[in-house]
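Structural overview
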Amino acid sequence: MKKVLFATTALVASAGIASAQGVSISGWAEMGIVGGSVYGDEVQFWTDVDIEFRMSGETDNGLTFGAGVDLDENTAFSGTTQGGEFIFISGAFGTLTMGDTDGAFDWALTEVGMGASIDDAHTSHWGYSGNSSFDGFGGKDGQVARYDYSFGDFAFAVSAELDDTGTYDPTLAIGAKYSTSFGSVDLGFGLAYVTSEDVNGTAEGIGGSVDVTFAGGFMAVVNYTSIDGLFYNPGGVGAREVDSHMAIGLGYTTGAISVSANYGVFTGVAADSDAMGYGLQAGYDLGGGAEIQFGYGYSEDQLTDTTADQFSLGVAMSF
Amino acid sequence: MKKVLFATTALVASAGIASAQGVSISGWAEMGIVGGSVYGDEVQFWTDVDIEFRMSGETDNGLTFGAGVDLDENTAFSGTTQGGEFIFISGAFGTLTMGDTDGAFDWALTEVGMGASIDDAHTSHWGYSGNSSFDGFGGKDGQVARYDYSFGDFAFAVSAELDDTGTYDPTLAIGAKYSTSFGSVDLGFGLAYVTSEDVNGTAEGIGGSVDVTFAGGFMAVVNYTSIDGLFYNPGGVGAREVDSHMAIGLGYTTGAISVSANYGVFTGVAADSDAMGYGLQAGYDLGGGAEIQFGYGYSEDQLTDTTADQFSLGVAMSF
Amino acid sequence: MKKVLFATTALVASAGIASAQGVSISGWAEMGIVGGSVYGDEVQFWTDVDIEFRMSGETDNGLTFGAGVDLDENTAFSGTTQGGEFIFISGAFGTLTMGDTDGAFDWALTEVGMGASIDDAHTSHWGYSGNSSFDGFGGKDGQVARYDYSFGDFAFAVSAELDDTGTYDPTLAIGAKYSTSFGSVDLGFGLAYVTSEDVNGTAEGIGGSVDVTFAGGFMAVVNYTSIDGLFYNPGGVGAREVDSHMAIGLGYTTGAISVSANYGVFTGVAADSDAMGYGLQAGYDLGGGAEIQFGYGYSEDQLTDTTADQFSLGVAMSF
């Protein structure tokens with residue numbers, strides 16, 4: 001995505017964008033068709049667009065700070081809730097980020113979804129967690145504060161999300177990441193713990209991820225999370241208590257072409273209460289920021305004996 | 001309107017905006033007063049403003065693509081509906097545009113409204129069609145896909161607007177344009193057909209437009225459309241089936257001054273069921289993007305024996 | 001706040017921003033915590049952000065014109081109401097501003113609040129008027145038209161805000177300002193009158209302000225307004241008729257540190273019906289547009305025998 005840095009210094013003298021301070025603007029757009037049961041089994045047109053504002057600055061002491069908001073984030077402008085905005089300040093002490101940012105659990109683990117489809121068909125199935133099952137847990141407002149710090153190949157983070165009504169305990173999380181290489185193979189490991197509370201009492205999750213990238217353009221990711229006290233209701237037709245979540249993703253890129261697949265399952269505590277699904281994605285890079293994208297997602301719920309699917313085909317553009 | 005192209009290349013090296021890729025920003029504002037029965041016969045202040053984001057790029061193969069959204073288009077960010085956004089891709093094969101764009105009927109015909117008034121008083125009367133009577137027909141969401149192609153002085157287009165619920169047939173349209181000159185006189189012709197469906201069954205329209213521009217600054221436009229199955233309810237007080245629509249517009253520009261007038265009538269199938277109106281407009285160009293604008297519109301409905309009027313006077317600014 | 005002027009001329013030739021015409025963009029962000037009874041006595045995260053669009057141009061005759069709207073002003077796009085947008089045109093005759101702009105009363109008087117806190121805690125207490133008690137009086141829509149003119153150290157303004165329904169008289173105001181210096185002491189005086197109407201009949205206010213700035217970084221402001229026909233209902237628990245408002249503010253800046261305090265009281269017509277409060281604020285400037293900000297506000301209402309408080313601590317950033 002082309003990022004354009006607007007700064008007074010860059011405009012009056014076309015040198016030294018490095019020290020620039022200001023607002024940068026980028027954008028994206030998607031056009032195509034979508035279909036499947038998720039869309040009422042009617043093929044429909046798809047048109048979506050957004051503009052992204054990113055701000056950055058530096059204090060006299062060398063701390064960097066910044067913020068971001070998108071044009072579609074119409075609810076970002078209330079101070080005590082989160083509507084998409086994020087703000088950070090960073091220095092030798094690490095980075096503090098607040099707002100619409102990953103909690104430490106989500107931050108530490110690598111998701112199994114790869115590539116993009118215009119309607120996210122491949123990462124919207126009922127078996128996909130994105131490691132974000134605890135976001136907004138117990139009706140919290142999604143306003144996360146996360147501190148993270150990295151040293152060499154290690155990084156760790158802690159995070160909190162408060163219940164503004166004071167009814168339930170906050171969501172607290174801690175996570176760590178480690179990356180390394182063996183020859184031409186890059187390896188990444190993530191480990192994280194999260195705890196929260198809602199009307200059903202305390203809930204927690206402990207999870208890990210491993211991601212492997214081979215020199216030939218092949219990538220694989222595995223996630224596993226052991227879960228307590230989380231109820232899941234995909235498709236809105238039946239809630240069940242979740243015992244664990246497992247997911248695997250595979251991707252391959254060669255030249256302009258990229259393809260990926262992922263599978264995930266929420267294993268229920270009760271028998272025959274699993275929710276699962278898989279996603280497929282393919283992209284062809286046209287250059288200049290445009291890509292043809294195909295996506296498919298299939299979902300299945302043992303508890304309610306229901307299935308769902310969706311597909312999309314179109315052009316995604318970044319500016 | 002000043003269009004400002006922001007691009008990395010333009011900032012780091014002040015040469016070669018031609019190949020630039022990125023987001024451009026422009027804006028407009030209006031201030032003044034409005035009045036008439038449309039505003040409850042109270043003279044009111046008028047202040048309006050908008051910011052327009054336009055994006056453009058080019059693929060490795062030389063296809064151009066782009067998109068646009070305005071700051072006031074708060075509902076542009078849902079993929080399966082249209083809230084003002086448009087996206088296109090263009091090449092030797094022609095241009096495919098999706099979203100908030102004219103259907104082929106509207107695209108082919110030239111509207112009779114000329115010039116601008118701050119509240120569009122001159123193009124808001126009950127006899128004004130803008131050749132867009134079939135937009136959103138049968139509750140469709142306004143998400144249009146149009147393909148158009150031009151060769152020399154000819155151009156044609158086809159378009160579709162789907163019913164996302166699958167209840168009614170889509171709106172389909174086909175149109176053609178031709179422009180030519182006789183001495184110092186420029187002539188334009190448009191011809192188009194549109195068909196759609198709603199709760200009253202199939203509807204269709206076939207229409208044409210002729211526009212003439214003389215060297216002395218005089219312009220005239222005539223529209224005629226034969227219509228079946230369309231019910232019209234101006235002012236919300238009484239629907240009637242429409243048999244045809246006819247409109248004429250005249251404009252004249254000399255130096256900083258421009259004036260125009262237009263008249264239109266929806267002829268009803270039943271006797272004494274016509275809805276008609278006329279608009280007047282005048283502008284004085286102050287230079288630099290500012291113009292003083294006056295507008296007036298008068299409406300009359302035979303069926304309900306009601307009238308309405310509105311006027312505006314103010315300054316329009318473009319940036 | 002860094003203002004970045006985007007203009008075609010500045011991009012193609014990096015000289016001569018002075019004559020540039022176009023759209024400029026700046027932004028701000030805040031992160032921190034807030035608490036107190038105003039927030040349900042729960043400490044909460046605070047994240048807020050905005051993007052500001054400012055437009056400017058010049059006519060052939062040398063009139064300057066411009067407009068502004070912010071990203072959070074989602075309701076700015078209706079012509080007959082005000083949602084945050086403002087538009088102006090300026091020349092030798094003075095300046096005409098419409099939309100979200102101070103009426104002549106608010107324009108003439110200097111507020112007692114100084115400095116900033118992320119949630120405006122220090123200027124949100126029940127004794128704070130901001131000289132804006134007549135804004136939107138009688139359900140008016142906040143769309144102000146103000147004409148102001150300055151000559152040397154004097155300036156005056158007149159303004160109107162209409163009742164779009166025609167039920168009540170408009171809000172009309174007139175104000176004057178004068179600034180002068182005695183040695184190293186800067187003095188400012190403001191005097192203004194406002195009248196309006198609502199369901200309770202005609203209301204009016206006549207007020208004045210004095211502000212003093214000493215060379216050593218000390219500043220003091222006093223406001224007094226005599227009021228008729230205004231009913232005030234802080235905290236939404238009990239309305240009382242107001243006889244007068246008085247406020248005082250003190251501020252001090254040294255190096256990167258700034259502190260301020262203010263106190264204000266709405267004196268009720270009836271005995272024991274005063275509403276009052278005070279605010280405290282401190283800032284530490286980190287440079288580069290970032291400042292650590294603390295704010296506190298305390299409110300007390302004699303009529304309802306209630307109190308309220310709020311505090312905030314965080315980092316404010318401007319870009």
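What this report covers is the structure whose coordinates are included nearby. (Residues numbered from 1 in each chain as written. Chains lettered and ligands numbered in written order. Predicted model: local features only at pLDDT ≥ 70, side-chain atom pairs only at ≥ 80, totals over all residues. Heavy atoms only, no water.)

All names here are of chain C. Its volume calculated, the largest pocket comes out at about 560 Å³. Split by residue class, the lining of the largest pocket holds 4 nonpolar, 11 polar and 7 charged. Reported here for the second largest pocket is a volume of approximately 220 Å³. Together, 15 residues line the second largest pocket, and Trp-28, Glu-30, Ser-117, Ile-118 and Ala-316 are the ones closest to its centre. (1 Å grid on protein atoms, 1.4 Å probe; cavity = no way out; pocket = protein on both sides within 12 Å on 5 of 7 lines; lining within 4 Å. Points joined across faces, edges and corners; volume = space filled by probe spheres on them. Nonpolar A, V, L, I, M, F, W, Y, C, P; charged D, E, K, R; others polar.)

Further remarks concern the relation of the copies chain C and chain A. Both copies of the chain are related by one operation, a rotation about an axis with a shift along it. Structural alignment of chain C on chain A gives an RMSD of 0.0 Å, achieved by rotating through 120 degrees and translating 0.0 Å along the axis. The superposition operator between the copies reduces to a three-fold rotation axis. (Least-squares fit on C-alpha atoms with pLDDT ≥ 70 in both.)

All names here are of chain A. Residues Asp-100, Asp-102, Glu-111 and Asp-135 make up a contiguous surface patch of negative charge. On the secondary structure map, Asp-100 appears in the loop between β6 (94-99) and α2 (104-108). The class of Asp-100 is partly exposed, set by a relative accessible area of 38%. (Patch = residues over 30% accessible without salt bridge, like charges linked within 9 Å, V, L, I, M, F, W, Y side chains within 5 Å. Areas by Shrake-Rupley, 256 points an atom, 1.4 Å probe, with all protein chains shown as cover. Salt bridge = Lys/Arg side-chain N within 4 Å of Asp/Glu carboxyl O. Lys, Arg positive; Asp, Glu negative; His and termini not counted. Charge placed at Lys NZ, Arg CZ, Asp CG, Glu CD. Helix = DSSP H or I, 4+ residues; strand = E, 2+ residues; numbered from the N terminus. Buried < 20%, exposed > 50% of the residue type's maximum accessible area, 1.4 Å probe, protein only.)

All names here are of chain B. Topologically, Lys-140 is positioned in the loop between α2 (104-108) and β7 (144-151). This buried residue, Lys-140, is left without a salt bridge; Asp-163 holds the nearest opposite charge, at 5.3 Å. Setting aside anything within four residues of it in sequence, one finds Lys-140 in contact with Glu-161, Leu-162, Asp-163, Tyr-168, Asp-169, Pro-170, Thr-171, Ser-196 and Glu-197. (Contact = heavy atoms within 4.5 Å.)

All names here are of chain A. Scanning the entire structure with this criterion turns up 9 salt bridges over all chains. Arg-146 is the partner of Asp-148 in a salt bridge, and the nearest nitrogen-oxygen pair spans 2.9 Å. Assessed through its relative accessible area of 12%, Asp-148 is described here as buried.

On the chain A side, the residues contacting the 40 residues of chain C number 47 residues. Carbon and sulfur atoms make up 73% of the surface buried where chain C meets chain A, a total of about 3400 Å² over both sides. Summed over the shared surface of chain C and chain A, the number is 0 salt bridges. Listing elements by their share of the side of chain C that touches chain A, those giving two or more residues are β1 (4-5), α1 (8-12), β2 (22-35), β3 (44-58), β16 (275-287) and β18 (306-318) of chain C. Its residues assigned to classes, the side of chain C that touches chain A comprises 23 nonpolar, 11 polar and 6 charged. (Buried area = accessible area lost by both parts, 1.4 Å probe.)

A few words on the pairing of β16 of chain C. All names here are of chain C. In the sheet, strand β15 (residues 257-268) pairs with β16 via 10 bridges, with the strands oriented antiparallel. Within β16, the position partnered with Ser-260 by the bridge is Gln-281. Between β15 and β16, which pair antiparallel and follow one another directly, the connecting turn spans 6 residues, one of which, Asp-272, has a positive phi of 55 degrees. As defined by bridge partners, β16 adjoins strand β17 (residues 290-301) across 12 bridges and the pair is classed as antiparallel. From the neighbouring strand, Gly-283 faces β17, where its bridge partner is Gln-293. Hairpin connection from β16 to β17: 2 residues lie between these consecutive antiparallel strands, with Gly-288 at a positive phi of about 70 degrees. (Pairing = 2+ DSSP bridges.)

Take it as geometry only, folks, not as evidence of what the structure does.
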